[in-house]
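Observations on the model geometry
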Amino acid sequence: MPRTGIRWKLSAAIAAVGALVAVALSLVVHNAARVSMLDNARDLADERVQIAQRNYEASGRPNFPGVRIDDPALPKDLLAKATAGRRATYVTEHHDGVPDIWAAVPLKDGRILSLHTNFTDRSTTVLKDLDEALLIGSIAVVFGGCALGVLIGGQLSRRLRKAATAARRVAQGEPDVRVRDSIGGVVRDETDDLARAVDAMADALQQRIEAERRVTADIAHELRTPVTGLLTAAELLPPGRPTELVRDRAQAMRQLVEDVLEVARLDSASERAELQDILLGEFVTRRVIARDPEILVRVVHESAVTTDPRRLERVLINLLVNAAKHGKPPIEVTVEGRVIRVRDHGPGFPDALLADGPSRFRTGSSDRAGHGHGLGLTIAAGQARVLGARLTFRNVRAVGAPEGVPAEGAVAVLWLPEHAPTNTGSYPMLPE
């Protein structure tokens with residue numbers, strides 16, 4: 001369906017109502033003026049026929065202009081009134097809408113004296129001028145209503161657009177944005193009530209998220225000490241397969257606790273990037289080869305960037321671990337300017353991740369996520385935000401292949417910003 005702005009809807013509504021009111025008032029005024037003029041004309045005709053009657057009775061002959069005795073063209077209704085001994089006036093209409101004024105009075109000799117006059121040209125001119133003035137006034141009312149609707153609707157539309165923009169920024173994770181401040185809390189209307197409600201909802205949601213983050217961080221922090229003790233105790237066990245299993249599980253638990261603490265720190269938006277100037281291609285090549293020499297690294301275009309090497313390495317390693325754990329070899333890393341691509345040849349990312357992004361403790365479908373806790377990509381996305389970068393995910397499909405065809409691999413793309421991050425990196429600096 002086509003989308004119409006509220007300003008045009010309001011303008012059209014006001015213009016329509018104005019047009020209806022203007023037409024109704026014009027008809028009422030036109031009819032009232034016409035009736036008034038006809039009444040005046042009938043009164044004048046009545047006075048003239050009385051004068052003609054007195055002259056006829058005094059002189060015995062019709063000597064008043066326009067009078068006739070027993071006029072055969074006299075309307076039947078008027079003739080009936082005069083025959084009944086009553087003085088009366090009557091109005092007839094021509095086919096062109098111009099009325100004729102008749103007046104008749106019975107004489108003492110039983111004859112009928114009548115007077116026939118046309119509606120005066122001056123009255124017709126006055127009525128036409130009145131109709132033109134009413135038409136011009138109606139058009140002015142319609143255009144004025146349109147202008148008023150655009151003015152009022154434009155102000156309301158601007159406030160609603162500002163509210164929608166602020167709400168989207170809140171949804172994107174900007175906790176300091178308030179809708180009421182964005183629209184300006186000067187006009188107290190429904191938009192102000194809406195802004196207050198959205199701000200209250202955002203505050204409640206932020207408090208809940210903060211409370212959950214604190215609980216998660218507190219639990220992970222409390223678990224760190226016993227897990228460290230468990231890992232130390234496992235080192236004291238005698239060599240053997242059971243000891244290896246205990247050490248492996250204790251180490252996995254310790255890594256999970258550290259990952260949860262890292263996610264909590266990233267969620268708090270308190271992390272700061274420690275910036276250094278590096279050659280991106282050389283940096284990625286050295287880190288990838290140190291991780292796994294079998295991974296193919298290709299530098300298409302070298303670029304000098306200002307970023308946090310430790311956090312960049314964390315993002316890169318997490319992407320490589322995810323590709324190795326859930327994808328299939330060969331794994332390829334490409335550096336092109338400020339863009340890093342990590343591709344595997346596995347079944348691709350799950351649809352939920354492509355739609356909503358990484359989510360903690362959700363590893364996706366069983367085809368790609370038989371292991372892990374879903375924190376690797378979550379941490380990678382959080383560290384990318386600290387760097388002011390953008391991390392995107394997509395699946396590789398053959399050209400022209402339908403959606404139902406399985407993917408031929410997964411690609412994670414890290415877009416580093418052109419300028420070094422100046423804040424916590426909670427919000428990506430690159431446009432979508």
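Quick caveat, the model's predicted, so the values are computed rather than measured.

Definitions and cut-offs
- Residues numbered from 1 in each chain as written.
- Predicted model: local features only at pLDDT ≥ 70, side-chain atom pairs only at ≥ 80, totals over all residues.
- Heavy atoms only, no water.
- Helix = DSSP H or I, 4+ residues; strand = E, 2+ residues; numbered from the N terminus.
- Buried < 20%, exposed > 50% of the residue type's maximum accessible area, 1.4 Å probe, protein only.
- Contact = heavy atoms within 4.5 Å.
- Areas by Shrake-Rupley, 256 points an atom, 1.4 Å probe, with all protein chains shown as cover.
- Expected span 1.5 Å × (residues − 1).
- Arc of directions from axis to C-beta.
- Pairing = 2+ DSSP bridges.
- Axes fitted to C-alpha atoms, helices over the stretch in contact; angles between N-to-C directions.
- Phe/Tyr/Trp six-rings, centres within 6.5 Å; stacked < 30°, edge-to-face > 60°.
- Lys NZ or Arg CZ within 6 Å of the ring centre and 35° of its normal.
- Parallel < 35°, antiparallel > 145°, perpendicular 65-115°, else oblique.
- Left-handed = near helix turned anticlockwise from the far one by under 90°.
- Nonpolar A, V, L, I, M, F, W, Y, C, P; charged D, E, K, R; others polar.
- Core = buried A, V, L, I, M, F, W, Y, C linked by side-chain atoms within 4.5 Å.

**Section: the overall build of the protein chain**
Tallying secondary structure elements over the protein chain gives 10 helices and 11 strands in all. Buried positions account for 35% of the 432 residues belonging to the protein chain. For the protein chain, the proportion of contacts with a sequence separation of at least 24, taken over those separated by at least 6, is 64%. Within the structure as shown, the protein chain displays about 25,600 Å² of accessible surface, and the carbon and sulfur contribution to it stands at 57%.

**Details of unusual backbone geometry**
Pro329 connects to Pro330 through a cis peptide bond whose omega is 0°. Turning to its location among the elements, Pro330 is positioned in the loop between helix H8 (309–326) and strand E8 (332–336). Of note in this structure, Asp70 is not a glycine but carries a positive phi near 50°. Along the chain, Asp70 turns up in the loop between strand E1 (67–69) and helix H2 (76–83).

**Overview of the environment of Ser303**
For Ser303, the position within the fold is in the loop between strand E6 (296–301) and strand E7 (304–307). Note on Ser303: relative accessible area 13%, which makes it buried. Along the sequence, Ser303 and Gly281 sit 22 residues apart, while their C-alpha atoms lie 6.9 Å from each other. Not counting residues up to four positions away in its chain, the partners in contact with Ser303 are Ile278, Leu279, Leu280, Gly337 and Arg338.

**Describing helix H7 (residues 280–291)**
Over its 12 residues, H7 extends 16 Å from the first C-alpha to the last, a length consistent with the 16 Å expected when each residue adds 1.5 Å. All buried positions along H7 are accounted for by Leu280, Gly281, Phe283, Val284 and Val288. The arc enclosing the buried residues of H7, seen along the axis, measures out at 160°, which places them on a common side. Buried residues along H7 sit in contact with strand E5 (276–279), E6, E7, H8, E8 and strand E9 (339–343).

**Some points on the sheet that holds strand E3 (residues 99–106)**
Read from one edge of the open sheet, 4 strands run E1-E4-E3-E2, paired in antiparallel fashion. The two strands at the open ends of the sheet, each matched to only one other strand, are E1 and strand E2 (88–93). Mean inter-strand twist for the sheet, computed between neighbouring axes without regard to direction, equals 25°. Where E2 and E3 come together, 6 bridges link them in antiparallel fashion. Bridge pairing in E3 places Glu93 opposite Pro99.

**Considering the packing of aromatic side chains**
One pass over the full model with this rule turns up 1 aromatic pair. Residues Phe349 and Phe393 carry aromatic rings whose centres are separated by 5.2 Å and whose planes lie at 80° to one another, so their mutual orientation is edge-to-face. Note that Phe349 is positioned in the loop between E9 and helix H9 (351–356) and Phe393 in strand E10 (residues 390–395), a separation of 44 residues in sequence. Each of the two residues, Phe349 as well as Phe393, counts as buried. Looking at Arg390, its charged tip hangs above the ring of Trp415, at a distance of 5.1 Å from the centre.

**Considerations on the packing of H8 against helix H10 (residues 376–386)**
Where H8 meets H10, the axes come as close as 9 Å, and the angle between the chain directions of the two elements is 155°. Relative to H10, the element H8 is oriented roughly antiparallel. Both H8 and H10 take part in a crossing whose hand is left-handed. Every residue of H10 that contacts H8 at Arg311, Arg314, Val315, Asn318, Leu319 and Asn322 is listed here: Gly376, Leu377, Ile379, Ala380, Gln383, Ala384 and Val386.

**Quick look at the pairing of strand E11 (residues 410–415)**
Buried residues dominate E11, accounting for 5 of its 6 residues. Two strands pair when backbone bridges link them, and E9 and E11 are joined in this way by 5 bridges, in the antiparallel orientation. Residue Val339 lies in a different strand from E11, and its bridge partner there is Trp415. Bridge count between E10 and E11: 6 bridges; the pairing is antiparallel. Bridge assignment links Thr392 to a residue of E11, and that residue is Val413.

**Digging into the sheet that holds E11**
A sheet is described by the order of its strands in space; here 5 strands give the open sequence E6-E8-E9-E11-E10, paired in mixed fashion. For this open sheet the edge positions go to E6 and E10, each flanked by a neighbour on one side alone. For this sheet, the mean inter-axis angle between neighbouring strands, taken without regard to orientation, is 15°. Sheet strands in contact with H7 are E6, E8 and E9, and its direction is about 165° off that of E8.

**Structural notes on the packing of H7 against H8**
At their nearest, the axes of H7 and H8 sit 11 Å apart, and the two run at 50° to each other. Taken together, the axis directions place H7 and H8 in an arrangement best described as oblique. The two elements H7 and H8 cross, and the hand of that crossing is right-handed. Facing Leu280, Phe283, Val284, Arg287, Val288 and Arg291 of H7, the residues of H8 in contact are Pro309, Leu312, Glu313, Leu316, Ile317, Leu320 and Val321. The class makeup of the residues in the contact of H7 with H8 is 10 nonpolar, no polar and 3 charged.

**A few points about the nonpolar core**
By size, the foremost hydrophobic cluster in this structure holds 33 residues, and its most contacted members are Val284, Leu312, Leu319, Leu320 and Leu414. Elements with a contribution of two residues or more to this core: H7, H8, E8, E9, H10, E10 and E11. When sequence neighbours within four positions are dropped, the list of residues in contact with Leu312 reads Ile278, Leu280, Phe283, Thr307, Ile340, Leu387, Leu414 and Leu416. Membership of the second largest hydrophobic core comes to 15 residues, among which are Ala45, Tyr56, Phe64 and Ile69.

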